[in-house]
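# Overview (structure and organization)
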Amino acid sequence: MITFFCRFLIYKIMEQFSKLKPGKLTSEEDKVIFKDGHMSIIKYDGWNILKEKDGIICIPYLIELNQIIIRQEYIPSYKYADGQDYHLALVGGGIEPGESPEEALLRELQEEGGLVLRDNFQIEFDKPLFVGKSTSNKYYPCILPLTENDYHEVVVKGDGSRYEQMSQTAKVDIKYLNSLNASDLITQYMIDKMKKYLNL
């Protein structure tokens, strides 16, 4: 049983938190250290925080073909770290200003996956997750099972960037799922979710 003192203590703690700015732990103003068209670095509460767009990440699963769609991408930040030209990636990208996660997914599916979903297809995301402790953006993960009546295929064109022109989209049979070699946590997380979805 919670004593009167414990109740009082909890009340006082909640009272103090209610005085803070929504979504922030202190009233300290954000200080922009760096900003360009893609990201900013914010000084907040003694931390340098990388602020980028939230993003979506998706594994389309083509049920009748028993295949998933993946990407082989040229990613400069990864090449800088390990010297490797191409890395396994998934359909995904940033949520543009004014876009919902669903709208971003539809756009990325067409640009990177070569898929256009039928009208009124219901997209379900899992809980959005932070990317890491030093960043404030979140990913909206989605395992997307599709029957042949749910989509039609188009030519993969990417977003027009040089990096996407250097990248490729591929369909991979489920029997090779265990052979996929992820280079980053979010890709590995999604592959593991796919295995769980398929009871592999």
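Below: a short report on this structure. (Residues numbered from 1 in each chain as written. Predicted model: local features only at pLDDT ≥ 70, side-chain atom pairs only at ≥ 80, totals over all residues. Heavy atoms only, no water.)

## Here's the deal with the sheet that holds strand S1 (residues 31-35)
Applied cut-off: A pair of strands is labelled paired if DSSP reports no fewer than 2 bridges between them. Numbering of helices and strands runs from the N terminus; a helix is a DSSP stretch of H or I covering at least four residues, while a strand is a stretch of E covering at least two. Think of each axis as a best-fit line through the C-alpha atoms, taken over the contacting stretch in the case of a helix, with angles from 0 to 180 degrees between the N-to-C directions.
Within the open sheet, the three strands sit side by side as S1-S2-S3. Their pairing is antiparallel. With one partner strand each, in any of the chains shown, S1 and strand S3 (47-52) form the two edges of the open sheet. The average undirected angle you get between the axes of adjacent strands in this sheet is 25°. Sheet topology note: the strand S2 (residues 39-44)/S3 ladder contains six bridges and is antiparallel. Across the sheet, residue Met 39 finds its bridge partner in S3, namely Glu 52.

## Let's talk about the pattern of salt bridges
Heads up, the condition is: Criterion for a salt bridge: a side-chain nitrogen of Lys or Arg within 4 Å of a carboxyl oxygen of Asp or Glu. Relative accessibility thresholds used throughout: buried, under 20% of the residue-type maximum; exposed, over 50%; partly exposed, between the two (1.4 Å probe, protein chains only).
All chains considered together, the criterion is met by 10 salt bridges. Linking Glu 96 and Lys 53 is a salt bridge whose minimum nitrogen-to-oxygen distance equals 2.8 Å. Of this pair, Glu 96 sits in the loop between strand S7 (91-94) and helix H3 (101-113) while Lys 53 sits in the loop between S3 and strand S4 (55-62), and the two are 43 residues apart along the sequence. In this structure Lys 53 comes out as partly exposed when scored by relative accessible area, which is 33%. Residues joined by salt bridges that share partners form a network here, namely Glu 99, Arg 107, Glu 108 and Glu 111.

## With respect to the environment of Thr 187
Put simply, the rule is: It only takes one pair of heavy atoms within 4.5 Å for two residues to be counted as in contact.
Using a relative accessible area of 2% as the deciding quantity, one classes Thr 187 as buried. Residues Thr 187 and Val 91 lie 96 residues apart in sequence; the distance between their C-alpha atoms is 9.9 Å. Apart from the residues lying within four places of it in its own chain, the contact partners of Thr 187 are Leu 88, Ala 89, Leu 90 and Ala 182.

## Focus: the state of the cysteines
As a reminder, the rule being used: Note on disulfides: each one is a pair of cysteine sulfur atoms within 2.5 Å.
Overall, the coordinates contain zero disulfides when judged by the stated rule. Left unpaired, Cys 58 is separated from the closest cysteine sulfur, that of Cys 142, by 4.5 Å. Classification of Cys 58 by relative accessible area gives buried; the value is 0%.

In short, shape yes, function no, at least from these values alone.
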